[in-house]
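Listed below, chain by chain, are the residues.
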Amino acid sequence: MRILLSHTAEKIAATYLRLNRFLLLPLFTIFEYEGSRQIDLIGLRARGSLEQSKGPEGTHCDLPTDDRLFAEFEKAVPSPKNALLA
């Protein structure tokens, strides 16, 4: 059951990051002096990235982001929607 909950938490985090325009790199391997480890999830967000959906009659609509997430980022990074985030 614990493994199932762990995967569920990863899926929720991945979905949340993806909806906020992050490119996801799951199961990323890092190499250290004593061997290698895996990081479950890395998210990258390009500066000024947009996610659009094609609407009726070929119009495009920008998908919204979670402004609360970026308000938290702004405490550490000025103008986070216009910065490379990782």
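Refer to the structure printed above.
Not measured: the values here are computed from a predicted model. Note that residues are indexed from 1 along each chain, following the sequence as it is written. Thresholds applied to this predicted model are a pLDDT of at least 70 for local features of residues and 80 or more for the giving and counting of side-chain atom pairs; totals over whole chains, interfaces and linings are not thresholded and use all residues. Side-chain figures throughout are based on the complete set of non-hydrogen atoms in the structure, without hydrogens or water.

(A) Examining the side chain of Thr 65 more closely. A run of DSSP states H or I qualifies as a helix once it reaches four residues; a run of E qualifies as a strand once it reaches two. Both are numbered from the N-terminal end. Among the secondary structure elements, Thr 65 is positioned in the loop between strand E4 (60-62) and helix H2 (67-73). We call a residue buried when its accessible area falls under 20% of the maximum for its residue type, exposed when it is over 50%, and partly exposed in between, using a 1.4 Å probe and counting protein chains only. By relative accessible area, Thr 65 is classed as buried at 15%. In what follows, a contact means two residues having at least one pair of non-hydrogen atoms within 4.5 Å. With sequence-adjacent residues up to four places away left out, Thr 65 is seen in contact with Asn 20, Arg 21, Phe 70 and Lys 81.

(B) Spatial organisation of the pattern of salt bridges. The salt bridge definition used is simple: a Lys or Arg side-chain nitrogen within 4 Å of an Asp or Glu carboxyl oxygen. Inspection of the entire model under this criterion finds three salt bridges. Note that Arg 68 and Asp 66 form a salt bridge whose closest N and O atoms lie 3.3 Å from each other. Relative accessible area serves as the criterion here: at 16%, Asp 66 is assigned to the buried category. In this structure, Lys 81 and Asp 67 form a salt bridge, with 3.2 Å as the shortest nitrogen-oxygen distance. Highlighted residues: Lys 81 in the segment after H2 and Asp 67 in helix H2, separated in sequence by 14 residues. By relative accessible area, which is 53% here, Asp 67 ends up exposed.

(C) Expanded view of the nonpolar core. Working definition of a nonpolar core: buried Ala, Val, Leu, Ile, Met, Phe, Trp, Tyr and Cys residues. They are joined through side-chain atoms within 4.5 Å. The biggest cluster of nonpolar side chains holds six residues, and these are Leu 17, Phe 22, Leu 69, Phe 70, Ala 83 and Leu 85. Setting aside residues no more than four positions away along its own chain, Leu 85 makes contact with Phe 22, Gly 43, Leu 44, Arg 45, Phe 70, Phe 73, Val 77 and Pro 80.

(D) Fine view of the packing of aromatic side chains. Ring pairs shown here join Phe, Tyr and Trp side chains whose ring centres sit within 6.5 Å, with only the six-membered ring taken for Trp; geometry is labelled stacked below 30 degrees between planes, edge-to-face above 60, and tilted in between. This model, assessed by the stated rule, comprises two aromatic pairs. Here the aromatic rings of Phe 70 and Phe 73 are separated by 5.7 Å at their centres, their planes lie at 80°, and the arrangement is edge-to-face. Taken together, the positions of Phe 70 and Phe 73, both in helix H2 and three residues apart, correspond to about one turn of that helix. Take Phe 73: its relative accessible area is 27%, and that puts it in the partly exposed class.

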